[in-house]
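# Structural overview for review
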Amino acid sequence: MSDLGKVDREFFEEYIYPNLGAERADVALGPQHGVDFGVIDLGAAGRGESDGADADRQALVLASDPVFVMPSLGFERAAWFAFHILMSDVAVSGLAPTHLAVDLNLPPEITDEEFATVWETFDAEARDLGVSVVTGHTARYAGCTYPMVGGATAMAVGDLDDVVRPDGARPGNRLLITKGPAIETTGLLSIQFEELLDLPEATVEAAQERFYDMSPVEDALVAARAGEVSAMHDATEGGVHGALVEMARAAGVRLDVDRDAIPVQPGVREACEFFDVDPWSAISEGTLLATVAPEDASDVLAALSEAGIPAADVGEVGEGEGVYVDGDRVEHPEEDPFWGTFEEYMGRLDA
């Protein structure tokens, strides 16, 4: 188990996977390491009481994540990012998010006005996506600190046949990537540590513009509507390399990737070089990986382009296993460099 960030695969398989409670026939997709969401077959859950065939095809997709609020971003901007983190893992199912349950364990120092900004931003973003908050818990507690101030479960209800499974990549599919590496790393570090950045002003501005790229929700929904998408995954902890390995492992396939084909957004290279972070293994919330039927790849890319989302065809799904970038095998990063860098530079700010 790594010291910071998500638990690794070995920890998951030793401690979590063997202990998942009761086995139920309605769990169409359960927990797996590196997989974004779970699925309940609502037809199976209520079989015998169903009103018809359509009800048998309904699915409930669920994903749980921390509520991540960084006050230094400003509470409105921090809340926007916190909300979209929660929506991301459900959106990569191809179903639009519909419901949200939120547990807020707030630090004692948060003021009513600050909380109002957070919650009003959640409300505005939820209305924009058609998401309803259905339950939750809100309290201030001693010992609770930023940025992890609770947890939430996002949900999507839709047709089971429309769910894009995380293990669905098939040989012959094309691999598409939106936005490229280190989107979250660049956006957060360049804003949080702006006063420490020794970079040209235009470069800093470009790096900070990555902030509102840090949501793959639109990417996933646009892609799923545009063509036959067999699998999607967002590049969170472990970055693009980690996401590639997780996607290949989930489907039991090989991915061959052309690194030069992957888009890199303005400010990313310079910011990652300044912070001495490997952009390919650093957290990149906002970056979407999608495997697509070859005949639909151009349609999906066109739809993403029309939506203003940078994307490219960067490789192919093949028989076998593992990830090969420019012919060299890539393994899952042992630790995401973002967390250590964040702690180091917080210390410099406090010094």
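Residues numbered from 1 in each chain as written. Predicted model: local features only at pLDDT ≥ 70, side-chain atom pairs only at ≥ 80, totals over all residues. Heavy atoms only, no water.

Moving on, we get to the overall build of the protein. Of regular secondary structure, the protein possesses 12 helices and 13 strands. On C-alpha atoms alone, the protein measures out to a radius of gyration of 20 Å, which is about the 20 Å that the 2.2 N^0.38 rule sets for 351 residues. If you line up the protein on its principal axes, its C-alpha atoms span 65 × 50 × 45 Å. Sequence-distant contacts in the protein: of pairs separated by 6 or more residues, those separated by 24 or more amount to 84%. If you sum the accessible surface of the protein, you get close to 15,800 Å²; carbon and sulfur atoms cover 47% of it. With 20 positive and 68 negative side-chain charges, the protein shows a separation of 4 Å between the mean positions of the two kinds. (Helix = DSSP H or I, 4+ residues; strand = E, 2+ residues; numbered from the N terminus. Rg over C-alpha atoms; globule rule 2.2 N^0.38 Å. Contact = heavy atoms within 4.5 Å. Areas by Shrake-Rupley, 256 points an atom, 1.4 Å probe, with all protein chains shown as cover. Lys, Arg positive; Asp, Glu negative; His and termini not counted. Charge placed at Lys NZ, Arg CZ, Asp CG, Glu CD.)

What follows is about the sheet that holds strand β8 (residues 229-234). Pairing is mixed in the open sheet, where seven strands are placed in the order β8-β10-β7-β11-β9-β12-β13. Edge positions in the open sheet fall to β8 and β13 (328-330), since each of these has one partner strand only. Here the strands of the sheet are splayed against their neighbours by 30° on average, with no regard to which way each runs. (Pairing = 2+ DSSP bridges. Axes fitted to C-alpha atoms, helices over the stretch in contact; angles between N-to-C directions.)

Before going further, it helps to examine the sheet that holds strand β4 (residues 99-106). Read from one edge of the open sheet, six strands run β1-β2-β3-β6-β4-β5, paired in mixed fashion. Each having just a single partner strand, β1 (27-29) and β5 (132-140) make up the two edges of the open sheet. Taken pair by pair, the neighbouring strands of this sheet meet at an average axis angle of 20°, ignoring direction. When β1 meets strand β2 (residues 38-41), the two strands line up antiparallel, connected through two bridges. Paired with Val27 across the strands is Ile40, a residue of β2. Docked against the sheet, helix α5 (residues 112-129) engages β3 (58-68), β4 and β5, running at close to 165° with respect to β4.

Let us now look at the side chain of Glu237. As for its placement among the helices and strands, Glu237 is situated in the loop between β8 and α9 (239-251). In terms of polar contacts, Glu237 uses its side chain to reach the side chain of Trp339, at 3.2 Å. Apart from residues no more than four positions distant in its own chain, Glu237 is found in contact with Gly5, Lys6, Glu246, Ile283, Asp336 and Trp339. (Polar contact = N/O pair within 3.5 Å; in protein donor to acceptor, adjacent residues only side chain to side chain.)

We now examine the nonpolar core. Core analysis: the largest hydrophobic core is formed by 73 residues, its most contacted members being Val67, Leu100, Phe122, Leu188 and Met232. Looking at which element gives the most residues to this core, the answer is helix α4 (residues 75-91), with 12 residues. The next biggest cluster of nonpolar side chains, apart from the first, holds 24 residues, and it includes Ile177, Val314, Val323 and Val330. (Core = buried A, V, L, I, M, F, W, Y, C linked by side-chain atoms within 4.5 Å. Buried < 20%, exposed > 50% of the residue type's maximum accessible area, 1.4 Å probe, protein only.)

With that settled, the discussion passes to unusual backbone geometry. A cis amide bond links Tyr146 to the next residue, Pro147, at an omega of 5°. In this fold, Pro147 is placed in the loop between β5 and β6 (148-159). One non-glycine residue, Asp326, adopts positive backbone phi at about 55°. Here Asp326 lies in the loop between β12 (322-325) and β13. A relative accessible area of 46% places Asp326 in the partly exposed class.

Judged from the 10 bridges that link them, β3 and β6 form a sheet pairing that is antiparallel. Each residue of the ladder has a partner; that of Leu62, found in β6, is Met155.

Attention now moves to the confidence of the model for the protein. Averaged over every residue, the pLDDT of the protein is 93; the share at 70 or more is 95%. Confidence over residues 48-52 falls short of pLDDT 50; this stretch has two contacts with residues more than four positions distant or in other chains. (pLDDT = per-residue confidence, 0-100.)

Counted under the stated rule, the structure contains 19 aromatic pairs. Ring geometry for Phe83 against Phe122: centres 5.5 Å apart, planes inclined by 80°, an arrangement best described as edge-to-face. Note that Phe83 is positioned in helix α4 and Phe122 in helix α5, a separation of 39 residues in sequence. Each member of the pair, Phe83 together with Phe122, is buried. (Phe/Tyr/Trp six-rings, centres within 6.5 Å; stacked < 30°, edge-to-face > 60°.)

Under the defined criterion, the tally for this structure stands at 15 salt bridges. A salt bridge links Asp256 to Arg254, with the nearest nitrogen and oxygen atoms 2.9 Å apart. It is possible to trace a salt-bridge network through shared partners that takes in Arg57, Asp159 and Asp161. (Salt bridge = Lys/Arg side-chain N within 4 Å of Asp/Glu carboxyl O.)

In terms of strand pairing, β2 meets β3 through four bridges, oriented antiparallel. In the strand pairing of β3, Asp41 is matched with Ala59.

Counting along an α-helix, one turn takes 3.6 residues, and residues three or four places apart therefore face a common direction. With 13 residues, α9 extends 19 Å between its outermost C-alpha atoms, agreeing within 8% with the 18 Å of an ideal straight helix rising 1.5 Å per residue. The buried fraction of α9 amounts to 11 of the 13 residues, a majority that puts the element mostly inside the structure. (Expected span 1.5 Å × (residues − 1).)

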